[in-house]
Amino acid sequence: VFFGDGAGAAVLSYAEDGEGFLAFRLFSDGRGKWNFTIPGGGSEFPMCQENITKGLRYFQMVGREVYETAIKVLPHAIKQVIEDTGISIDQVDYLIPHQPSIKILRDTAEIIGLPFEKVMTNMDRYANTSGGTIPILLDEVNRSGKLHPGKIVLFAAVGSGWTWGASIIKWS
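Heads up: these notes are all about the structure in this document. Remember, it's a predicted structure, so these values are computed and weren't measured experimentally.

Quick look at the overall build of the protein chain
Part 1 of the argument: Assigned secondary structure in the protein chain consists of five helices and six strands.
Part 2 of the argument: Counting from the amino terminus, helix and strand elements in the protein chain follow one another as β-β-α-β-α-β-α-α-α-β-β.
Part 3 of the argument: Computed over the C-alpha atoms, the radius of gyration of the protein chain is 17 Å, within 12% of the 16 Å expected from 2.2 N^0.38 for a compact globule of 172 residues.
Part 4 of the argument: Each of the three principal axes of the protein chain carries a C-alpha extent, and together these read 55 × 30 × 30 Å.
Part 5 of the argument: For the protein chain, buried positions account for 44% of its 172 residues.
Part 6 of the argument: By sequence separation, contacts in the protein chain at least 24 residues apart represent 67% of the contacts at least 6 residues apart.
Part 7 of the argument: With the model as given, the accessible surface of the protein chain reaches about 9,700 Å², and the carbon-plus-sulfur share is 53%.

Set out below in structure tokens:
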């Protein structure tokens, strides 16, 4: 199973200067829309019996293109937020990423110079839970007792279309 199902949310509250969100960057580039999409169900191909029969309601992905894009854009976004904060990658305690694939996560960690032990994953239990991944994983990491005030947590995600981004928080 490559795609799972899940949902998550996070409650944010006030933080002192130098805590909470330290930096974030979001990017978008629609040129990749055909590399990962669900063609049916939108305005272009409304859901009807013919489009159901054609299988247009299922994810369609060009895996190689998703991989090639992800290992370019994720490191770029991560490097941007690292630069924005002035911290070094060595100061990052945990990367809590979207879970596109373990290979993408391993290669991204290698490119940015982060030991893979600092990359939190749950894909082995839930598969890729899309937009629910980061809040679900954040909750798991928090419940495990790993997050303490002052920990530096990096978030990164890549999505269809293409959209991608990264942020850094100082846990408080």
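Digging into helix α2 (residues 63-85)
Part 1 of the argument: With 23 residues, α2 extends 33 Å between its outermost C-alpha atoms, agreeing within 8% with the 33 Å of an ideal straight helix rising 1.5 Å per residue.
Part 2 of the argument: At A70, α2 shows its largest bend, some 25 degrees.
Part 3 of the argument: Immediately beyond the C-terminal end of α2, within one or two residues, lies G86, with a positive phi of roughly 80 degrees.

Describing the nonpolar core
Part 1 of the argument: Grouped together as the largest cluster of nonpolar side chains are 30 residues, with contacts concentrated most on I78, I82, I89, V92, L114, L154 and I168.
Part 2 of the argument: Secondary-structure elements contributing two or more residues to this core are α2, α3 (102-112), β5 (152-159) and β6 (161-170).
Part 3 of the argument: Counting residues per element, this core draws most heavily on α2, which supplies ten residues.
Part 4 of the argument: Aside from chain neighbours lying at most four places away, what touches V92 is I82, I87, L114, K118, I152 and L154.
Part 5 of the argument: L137, F155, I169 and W171 belong to the second largest nonpolar core, which has twelve residues in total.

Here's the deal with the pairing of β5
Part 1 of the argument: Of all the eight residues making up β5, six are buried; the element is thus mostly covered by neighbouring parts of the structure.
Part 2 of the argument: As defined by bridge partners, strand β4 (residues 94-97) adjoins β5 across four bridges and the pair is classed as parallel. Residue pairing across strands places Y94 opposite V153, the latter belonging to β5.
Part 3 of the argument: Across eight bridges, β5 lies against β6 in antiparallel orientation. Bridged to I152 within β6 is K170.

The rules we used
- Residues numbered from 1 in each chain as written.
- Predicted model: local features only at pLDDT ≥ 70, side-chain atom pairs only at ≥ 80, totals over all residues.
- Heavy atoms only, no water.
- Helix = DSSP H or I, 4+ residues; strand = E, 2+ residues; numbered from the N terminus.
- Rg over C-alpha atoms; globule rule 2.2 N^0.38 Å.
- Buried < 20%, exposed > 50% of the residue type's maximum accessible area, 1.4 Å probe, protein only.
- Contact = heavy atoms within 4.5 Å.
- Areas by Shrake-Rupley, 256 points an atom, 1.4 Å probe, with all protein chains shown as cover.
- Expected span 1.5 Å × (residues − 1).
- Bend = angle between axes of the 7 residues up to and from the residue.
- Core = buried A, V, L, I, M, F, W, Y, C linked by side-chain atoms within 4.5 Å.
- Pairing = 2+ DSSP bridges.

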